[in-house]
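Listed below are the residues making up each chain.
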Number of protein chains: 2
Amino acid sequence: MSEKPLILVTNDDGVLAPGIRFLIDVMKEIGEVVVVAPSSPQSAMGHAITINSTLSLEKLNIDKDLKAEYSCSGTPVDCVKIALSEILDRKPDLCVSGINHGSNSSINVIYSGTMSAAVEAGIEGIPAIGFSLLDFSWNAKFEHTKTYIKQITTEVLKNGLPKGVVLNVNLPKEEIKGIKICRQAKASWQESFDKRTSPHGKEYYWLSGEFVNQDAGEDTDEWALKHNYASIVPVQFDLTAYHAIQQLNDWEL
Amino acid sequence: MSEKPLILVTNDDGVLAPGIRFLIDVMKEIGEVVVVAPSSPQSAMGHAITINSTLSLEKLNIDKDLKAEYSCSGTPVDCVKIALSEILDRKPDLCVSGINHGSNSSINVIYSGTMSAAVEAGIEGIPAIGFSLLDFSWNAKFEHTKTYIKQITTEVLKNGLPKGVVLNVNLPKEEIKGIKICRQAKASWQESFDKRTSPHGKEYYWLSGEFVNQDAGEDTDEWALKHNYASIVPVQFDLTAYHAIQQLNDWEL
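This structure is a prediction, so every number in the text was calculated from the model and none was measured.

(A) Summary view of the relation of the copies chain B and chain A. The two copies are related by a screw motion: chain B maps onto chain A through a turn of 180 degrees and a shift of 0.0 Å along the axis, at an RMSD of 0.0 Å. Interpreted geometrically, this transformation is the action of a two-fold axis. Here 100% of the interface residues in chain B have copies in chain A that are interface residues too; the copies meet face to matching face.

Shown next as structure tokens:
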């Protein structure tokens, strides 16, 4: 690649989140950057898209060194779709999403707006990476992740990614010992709804819950992160459970 | 199973949609039914959950023959979570979602609120099936799907489902020739945004697009549906691309 690679940056915490501003700074050292990110926080939006209402774009000038920067009123997946269709004049060489404030390891990949944006780019044939930091705080520290993000990004640009695969990268909160290629740990959320009563007497609920890792494997993202490694899970969007097809063919259907 | 199975019914088109009312009627012939479905349409919400605002439940009495029926202000996945945590007194034997007004074949599984509800039940270890009809119309005809839905549901109750797998069932609009166990066709949406100007001079967009099937395989859901078969794709929520792990381990990381 003689020219600088064209990199689309998005996230789910919103265009002003410190995580995406840090990621933009790192990507500026690697390529030409276009940002299209949600105008407001869109955490846990999964692969939602906006079909029953309209979308708007706002041109921003937060960082003068970017090729273009927009906020979009929609979800992270909307941002990728509108960037590819209405903003970019060619397919980007890479899409990066994040850095998410908070983990997207294990089953969280499925709820994550950050990862859904990366998956959407992957569906469009664009190499894509979602980055998440194990720190929910708005004031989270990102500096220690820089060399790892640059290294992973450079390898993806150099090697490409297997067809139908995007990367889910989770980064420890502080010291990072290295990188492990992992599988998604088997885990789920143990829900607990916090039931309250409004001043007008109407009951309502806050969704809350506790993450439960049911997986003792040492090849999982949860294991890697617990031992201070950055985890990379290759993620696919062909959801077919191929191993189950034969079994279902034996049914009386 | 000596007692009647306990069946949780949900959807993404909302609790009043003809598709879920039809599915409820079929399930009443098989088991004891609890309905928890969105109070308003939630199509294309993917695996979104509500964490930045509150949820409310409303007890309904549309159908006197049900064990319980509620609408929930949230997404399809919220409905499953709140049903399991706040409404049901034991884990249901089955969760069915739909019948969706419109196809959820191929890559649409990823955007679909109908299928995300089934996946959420699957994560919780509950056998789950999403049903979708290839007709977007509110006045769609469902009667011809009944024997197929009963047959598939009965087989799932009899055999269970492989661990970590839920079923994505799509049903032809009219005549059904039989059932095929399929893989998810490789396809994507070719976006086209319809750009308009509001009466106040502000530009906005409607997301639109055309479905493009890039897959000529005869073992796909698209092939089956095109040839008037109902398609069943076993869907998994471990998104790890296992085949890519070795390749990534060869990188300089």
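Having seen the model, we can carry on.
(B) Expanded view of the side chain of A:Asp135. Residue and element names in this part refer to chain A. Within the fold, aspartate 135 resides in the loop between strand S6 (128-133) and helix H4 (146-159). Summary of buried charges: aspartate 135 has no salt-bridge partner, and the nearest side chain of opposite charge, lysine 173, is 4.3 Å away. Within the structure, the side chain of aspartate 135 is placed 2.9 Å from the backbone nitrogen of serine 137, a separation counted as a polar contact.

(C) Fine view of the environment of B:Val165. In this fold, B:Val165 is placed in strand S7 (residues 165-171). Setting aside chain neighbours within four positions, we find B:Val165 in contact with A:Ala241, A:His243, A:Ala244, B:Pro234, B:Val235 and B:Phe237.

(D) Representation of unusual backbone geometry. The omega torsion of the bond from A:Gly98 to A:Ile99 falls at -15 degrees, within 30 degrees of zero and hence cis. Along the chain, A:Ile99 turns up in strand S5 (residues 94-101). With a phi angle near 70 degrees, A:Asn228 is a residue other than glycine that sits in the positive phi range. Checked against the element boundaries, A:Asn228 lands in the loop between helix H5 (221-226) and strand S11 (230-236). Among the residues examined, A:Asn228 registers a relative accessible area of 24% and is labelled partly exposed. With a phi close to 55 degrees, B:Ser106 is a non-glycine residue in the positive phi region. Looking at the element boundaries, B:Ser106 is found in the loop between strand S5 (94-101) and helix H3 (113-123). When its relative accessible area of 1% is taken as the criterion, B:Ser106 is described as buried.

(E) Local environment of the sheet that holds strand S3 (residues 57-59) of chain A. Residue and element names in this part refer to chain A. Ordered in space as S3-S4-S2-S1-S5-S6-S7-S11-S8, the nine strands form an open sheet in which the pairing is mixed. Here the strands that pair on one side only, and so sit at the sheet edges, are S3 and strand S8 (179-181). Mean inter-strand twist for the sheet, computed between neighbouring axes without regard to direction, equals 20 degrees. As paired elements, strand S7 (residues 165-171) and S11 share six bridges and run antiparallel to each other. Counterpart to valine 165 in the pairing with S11 is glutamine 236. The strands that helix H1 (residues 18-28) touches are strand S1 (6-10), strand S2 (32-38), strand S4 (68-72), S5 and S6; relative to S5, the one it contacts most, it runs at about 145 degrees. With respect to the sheet, helix H3 (residues 113-123) is in contact with S1, S5, S6, S7 and S11, its orientation differing from that of S6 by roughly 170 degrees.

(F) Just helix H6 (residues 242-249) of chain B, in detail. Residues and elements named next belong to chain B. Taken together, the buried positions of H6 are occupied by Ala244, Ile245 and Leu248. What you see down the axis of H6 is that its buried residues fit within an arc of 120 degrees, all on one side. Exposed residues lying more than 90 degrees from the buried face of H6 are His243 and Gln246.

(G) Geometry of the interface of chain B and chain A. Between chain B and chain A, the contact holds 78 residues from the first and 78 residues from the second. Buried area between chain B and chain A, both sides added, is near 6800 Å², and the carbon and sulfur share of it is 65%. The interface formed by chain B and chain A holds four salt bridges in total. Taking the shortest distance from any N to any O, the salt bridge between A:Lys81 and B:Glu191 comes out at 2.5 Å. Between chain B and chain A we count 24 residue pairs in polar contact (both at pLDDT 80 or more) in total.

(H) Representation of the pattern of salt bridges in the model. All names here are of chain A. Summed over all chains, the structure comprises 30 salt bridges over all chains. Across the pair lysine 150 and glutamate 29 runs a salt bridge, and its minimum N-O distance is 2.7 Å. A residue pair is termed long-range when its members are at least 10 positions apart, and lysine 150 in helix H4 and glutamate 29 in the loop between H1 and S2 qualify at 121 residues. The closest approach of N and O atoms between aspartate 194 and arginine 196, which form a salt bridge, is 2.9 Å.

(I) Summary view of the pairing of strand S6 (residues 128-133) of chain B. Residue and element names in this part refer to chain B. Counting buried positions along S6 yields six of six residues, so the element is predominantly enclosed. Across five bridges, the pairing between S5 and S6 is parallel. Paired with cysteine 95 across the bridge in S6 is alanine 128. Note that the unit made of S5, H3 and S6 has a crossover that is right-handed.

(J) Representation of the environment of A:Pro234. Take A:Pro234: it is sitting in strand S11. Linking A:Pro234 and A:Val169, residues 65 residues apart in sequence, is a C-alpha distance of 8.8 Å. When sequence neighbours within four positions are dropped, the list of residues in contact with A:Pro234 reads A:Val165, A:Val166, A:Leu167, A:Ile181, A:Cys182, B:Leu239, B:Thr240, B:Ala241, B:Ala244, B:Ile245 and B:Leu248.

(K) The arrangement of the packing of helix H2 (residues 76-87) of chain A against H3(A) in detail. All names here are of chain A. Remark: H2 packs on H3, axes separated minimally by 7 Å, with the N-to-C direction vectors making an angle of 30 degrees. The angle between H2 and H3 places the two elements in the roughly parallel class. Viewed along their axes, H2 and H3 form a crossing whose handedness is right-handed. Judged by residue contacts, Pro76, Val77, Val80 and Lys81 of H2 engage Gly113, Ser116, Ala117, Glu120 and Ala121 from H3. Per-class residue counts for the contact of H2 with H3 are five nonpolar, two polar and two charged.

Thresholds applied
Residues numbered from 1 in each chain as written. Chains lettered and ligands numbered in written order. Predicted model: local features only at pLDDT ≥ 70, side-chain atom pairs only at ≥ 80, totals over all residues. Heavy atoms only, no water. Least-squares fit on C-alpha atoms with pLDDT ≥ 70 in both. Contact = heavy atoms within 4.5 Å. Helix = DSSP H or I, 4+ residues; strand = E, 2+ residues; numbered from the N terminus. Buried < 20%, exposed > 50% of the residue type's maximum accessible area, 1.4 Å probe, protein only. Lys, Arg positive; Asp, Glu negative; His and termini not counted. Salt bridge = Lys/Arg side-chain N within 4 Å of Asp/Glu carboxyl O. Polar contact = N/O pair within 3.5 Å; in protein donor to acceptor, adjacent residues only side chain to side chain. Pairing = 2+ DSSP bridges. Axes fitted to C-alpha atoms, helices over the stretch in contact; angles between N-to-C directions. Arc of directions from axis to C-beta. Buried area = accessible area lost by both parts, 1.4 Å probe. Right-handed = clockwise from strand over helix to strand, strands pointing away. Parallel < 35°, antiparallel > 145°, perpendicular 65-115°, else oblique. Left-handed = near helix turned anticlockwise from the far one by under 90°. Nonpolar A, V, L, I, M, F, W, Y, C, P; charged D, E, K, R; others polar.

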